Amino acid sequence: MRPTSAFISGMATMGVLAGGIVIGTGILDGTTTDQNAASNSGSNSSGGSPSGGSNSSSSGGSTSGGSSASTVKDGTFDGPVVQTRYGPMQVEVVIKGGKIESATTLQHPGGDGTSDQINAQVVPILTKATVDYQSVKFGNVSRATISTESYKQSAQAALDKAGYTG
Amino acid sequence: MTTRQSQFVRSAKRRWTAKDFAESIIPISTAVAVAFFFVDGGAKNFLDIANLPYGIGVVSGLIGTNLFLVMMVLAARVPAIDSLFGHDRALDLHKKLGKPVLYLLLVHMAALIVDSASRVNTDLWSEIVTMLGVNDLLLSFLSMAVMVLIVVTSLVAVKKHLSHGVWHTIHWTSYVAMYLGIFHQFTQGTLFAEGTVGRWYWLSLYVVATGSIVMFRVVLPLLRSMRHSLVVENIVVEGPGTVSITMRGRNLSAAGFRAGHFAHWRFLAPKLWTEAHPFSVSAAPTNDRVRITVRELGDSTKILQNVRPGTAVWFEGPYGVFTESVRTTSRVALIGSGIGLAPIRALTESMDVNPGELTVIGRARSEEELFLMDEIIRLAHAKQGTVYTFTGPRGRRTSWLPWDESERGVTISTMIDRPAEVDYYLCGPEAWMDSLVADLRSAGVPSHRIHNEQFAW
C-alpha cells in the first residue's frame, strides 16, 4: 500500500472506532447507555438501550395475539421459575386497573446470598422497564442477555395469566 | 514521455489505487466490527478493571472473527482479488493471518471464561463445565478445537510430515469451524441480538464469505469447465520428465486466458481425476487452444501414462497476475529458470513490445532443461529482442547465475542498459528468485517493477 493510502485507511479505521466510542458512551448527547440505559425512557437514542417496541421480544411465553384487552384481571400474578445457567429466575407482576403496577423478582440468578453485581444492577432495570413500557417488549440489557431473556420469559407468562396483552 | 509510456503509467496507477482500496477493506471492516461493540456501550468496559476481561474478550472475538472471514475470502479465489493481487499474494496473506486469528480467538475464549467465572464467583473449571452445557457455547468450543487442529497442521514443521491430501482434507474443516462458531455469536450477548442492525451486518459478512467460496471455488469452475469443454489434443515430450499438453476447447477467450496465467487442471482420466494440479499456460492462448507445459516428478509419469488425446479436462482458473496487465513501462525483461520458462515462453509470444524493448533470459542446470528455449529464441528474435541463456550449477549461494558468470561479475546491470527502467517478470524456484530479486534491487530496480509468481495452491 502506498503511504498516502495507508494514511487514509488508517485515519478511516480510527474514525470508525472513534465514532463507535462517541455514540456508545453518549458523550455528545449526555446520556449513558449500558446497564443504566434501560431505566431511561424512550428518549435515549444511543445504541444498546432498550427501545420500547422496536425490538421484537424473544420471550419464551406466547405474545398473546388476538385476545381482547378487556379481559385483564387485576391482582398479583407469579410467572414460572425459569432456569438459567446462573440460577433460577422468577417474576411477579401486580396488575391494577388493567395496568402493570409493579414487577418484582421472587428469585433471580445469584440472588441467594452470593454477591452478584450484574444481577443486582440488572434486576431493578428490568422491573422498572416493565412498568415504564407497560410490557416486556423492550430491548435487551447489555451484558445481561441471559438475565433479560429469563426475566422476560417469566414475566410474560405472568402477564399471560392475567390476560394482559398490552 | 511517449503516449505509449504514459498509458503504462496511467494503467499502473489505476491498479495501485484499486489495490489500496481493496487492502483498506481489511482494517476498516475490522474497525466496524469493533465499533458495533463500542456503539453498544462496550468501550466503557475498558475503564473498569472488573469489566476489562469482558471488553478484551468481546473485542478480540470481533477482530478474530472478522479476520477469519477475511481469510476465507482470500482463499476463495475471487477473480477481483486474483486479478489485483494474484492468487499467491492472497494466499500469503491468508497464511500470515492464520496464527494471529487463532490467538485472538483463544484470547476471546479465555477472557470470557474468566469474566463469566468472576461474575458468578466460581472457579474457571466449573465455569467451563457450565458453559459446555449451553448448546451454542459447546459448539463454539468445538469450533475452537477444530481451528487449533487446522493451524497446527499448517505449521511448516508439521505440514511437511503430512501428505497434501491429508492436510487439504483437514483444512477443508475450516468451513465446519466457521459454522460451529456462528451460533453463539448471535445468541450470547446483545451485540448481534434479534432486531439489531449489527445482526444483519454480521450475517451479511458470513453470506459474503460463504458465497465467495461456493461461487468462485465450485460453481464458476464447474460452469466454465462445462462451457468450454476442453479435451487433450496432443502431448509432446519437451525434456526430462517434462511434457507439453495442448488442449482444444470452445470459445476460450470468454474464460479470459492470457499468457502468464495458470489454472488448476483436472484430467478426467484414471488416477488423475481426483486431484487438480496447477500448471502455467505455456503459449499465448487462442480462442480454441491452450497449452501447458508440465514438470512434476511423480505426476508427469502419471500424466504420460494416463492422459491421451481426447481426455476431457476440467479447470479452475485462469488465475494470476503474472501477465501483461501489471506492466508499468515499455521495456520488459522476462527471466525464467527450468520449468519456470513455461510462462516466460507464453509471455514472450504475447508481450507487446517495440524492437529493442524485450530481453529474455533463460537459466537452467543443463541445456536439456532449458525447456521451450528454441521456441522462446525464435519468438524473441521475431520481435527483435535480446536473448541470453545460462546453464550450469549455481555459483555463489547468493548468485542466480552459474559459477563462471558470477565469478566474472555478470549481473543484471551488465546485461540490461538502465536496468531500473525495465519491468521484470521472474519465474523459477524460490531460492533462485530471491537471489535474482536481490540483484535487481541492488541495480536500483523499484519493487513495483518486479513481477514474480510463486507456485501456490
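Residues numbered from 1 in each chain as written. Chains lettered and ligands numbered in written order. Predicted model: local features only at pLDDT ≥ 70, side-chain atom pairs only at ≥ 80, totals over all residues.

Engineer: I'd like to hear about the overall build of chain B, residue by residue, with values.
Structural biologist: A tally of regular secondary structure across chain B gives 17 helices and eleven strands. Seen through its principal axes, chain B has C-alpha atoms that stretch 80 × 50 × 40 Å. Per-residue burial over chain B gives 42% buried out of 457 residues. Contacts in chain B between residues far apart in sequence, at least 24 positions, make up 72% of those at least 6 positions apart. (Helix = DSSP H or I, 4+ residues; strand = E, 2+ residues; numbered from the N terminus. Buried ≥ 20, exposed ≤ 12 C-beta atoms within 10 Å, placed from the backbone. Contact = placed C-beta atoms within 7 Å.)

Engineer: Go over the sheet that holds strand E5 (residues 289-295) of chain B, please, and point to the residues and values.
Structural biologist: All names here are of chain B. Taken in spatial order, the six strands make up an open sheet running E4-E3-E6-E1-E2-E5, and their pairing is antiparallel. Across the chains shown, the open sheet's two edge strands, defined by having one partner strand only, are strand E4 (277-280) and E5. Neighbour to neighbour, the strand axes of the sheet diverge by 40° on average, direction disregarded. In the sheet, strand E3 (residues 262-267) pairs with E4 via four bridges, with the strands oriented antiparallel. Its bridge partner being in E4, Trp-265 is matched across the sheet by His-277. (Pairing = 2+ DSSP bridges. Axes fitted to C-alpha atoms, helices over the stretch in contact; angles between N-to-C directions.)

Engineer: Go over the packing of helix H4 (residues 87-119) of chain B against helix H6 (residues 135-154) of chain B with me, naming the residues and quoting the values.
Structural biologist: Residue and element names in this part refer to chain B. For the pair H4 and H6, interaxial distance at closest approach is 10 Å and the crossing angle is 150°. Relative to H6, H4 is oriented roughly antiparallel. By crossing handedness, the relation of H4 to H6 is classed as left-handed. Of the residues in H6, those touching H4 at Gly-98, Lys-99, Leu-102, Leu-105 and Met-109 are Met-144, Met-147, Val-148, Val-151 and Ser-154. (Parallel < 35°, antiparallel > 145°, perpendicular 65-115°, else oblique. Left-handed = near helix turned anticlockwise from the far one by under 90°.)

Engineer: Please give an account of the confidence of the model for chain B that cites residues and values.
Structural biologist: With 96% of its residues at a pLDDT of at least 70, chain B reaches an overall mean of 89. In the predicted assembly, ipTM is 0.78 and pTM is 0.75. (pLDDT = per-residue confidence, 0-100.)

Engineer: Lay out the domain arrangement of chain B with the relevant residues and their values.
Structural biologist: One can read the domain layout of chain B as domain 1 (21-222), domain 2 (229-319) and domain 3 (329-452). Its C-alpha centre places domain 1 of chain B at a distance of 43 Å from the equivalent point of domain 3 of chain B. (Domains from an automatic or database assignment.)

Engineer: Now, about unusual backbone geometry: what can you tell me, with residues and values included?
Structural biologist: Trans peptide bonds make up the majority, and among non-glycine residues the majority have a negative phi. Residue and element names in this part refer to chain B. The omega torsion of the bond from Gly-317 to Pro-318 falls at -5°, within 30 degrees of zero and hence cis. Along the polypeptide, Pro-318 turns up in strand E6 (residues 312-319). Even without being glycine, Leu-372 reaches a positive phi, approximately 65°. Checked against the element boundaries, Leu-372 lands in the loop between strand E8 (358-364) and helix H14 (373-382). Exposure remark for Leu-372: the 25 C-beta atoms within 10 Å place this residue in the buried category. Its identity as a non-glycine residue notwithstanding, Arg-418 has a phi of 45°, on the positive side. With respect to the element layout, Arg-418 can be found in the loop between helix H16 (412-415) and strand E10 (423-427). When the 10 C-beta atoms within 10 Å are taken as the criterion, Arg-418 is described as exposed.

Engineer: Go over the packing of H4 of chain B against helix H5 (residues 124-132) of chain B, please, and point to the residues and values.
Structural biologist: Residue and element names in this part refer to chain B. Taken N-terminus to C-terminus, the directions of H4 and H5 make an angle of 100°; their axes are 9 Å apart at the nearest point. The angle between H4 and H5 places the two elements in the roughly perpendicular class. Contact residues: H4 offers Ile-113, Val-114, Ser-116 and Ala-117, while H5 offers Leu-124, Glu-127, Ile-128 and Met-131. Here the contact of H4 with H5 is built from residues that sort into six nonpolar, one polar and one charged. (Nonpolar A, V, L, I, M, F, W, Y, C, P; charged D, E, K, R; others polar.)

Engineer: If you had to explain the sheet that holds E8 of chain B to someone new, which residues and values would you point to?
Structural biologist: Residues and elements named next belong to chain B. One open sheet holds the five strands; their spatial order is E9-E8-E7-E10-E11, and the pairing between them is parallel. Of all the strands in the sheet, the pair left with one neighbour each is strand E9 (386-391) and strand E11 (450-452). Across the sheet, the mean angle from the axis of one strand to that of its neighbour is 15°, orientation sign disregarded. Bridging between strand E7 (residues 332-337) and E8 involves six bridges; their strand directions are parallel. Across the sheet, the residue bridging to Ala-333 is Thr-359, located in E8. Here helix H13 (residues 341-350) sits on the sheet and contacts E7, E8 and E10; the angle it forms with E7, its principal contact strand, is near 150°.

Engineer: Account for the pairing of E8 of chain B, with residues named and values stated.
Structural biologist: Residues and elements named next belong to chain B. Counted residue by residue, E8 has seven buried out of seven residues, so it is predominantly covered. Judged by which residues are buried, E8 turns out to be covered on both faces: Leu-358, Val-360, Gly-362 and Ala-364 on one side and Thr-359, Ile-361 and Arg-363 on the other are all buried. Taking the sense of rotation as the criterion, the β-α-β connection linking E7, H13 and E8 turns out right-handed. Where E8 lies against E9, six bridges are found, and the strand directions are parallel. For Arg-363, the partnering residue across the bridge sits in E9 and is Phe-390. (Right-handed = clockwise from strand over helix to strand, strands pointing away.)

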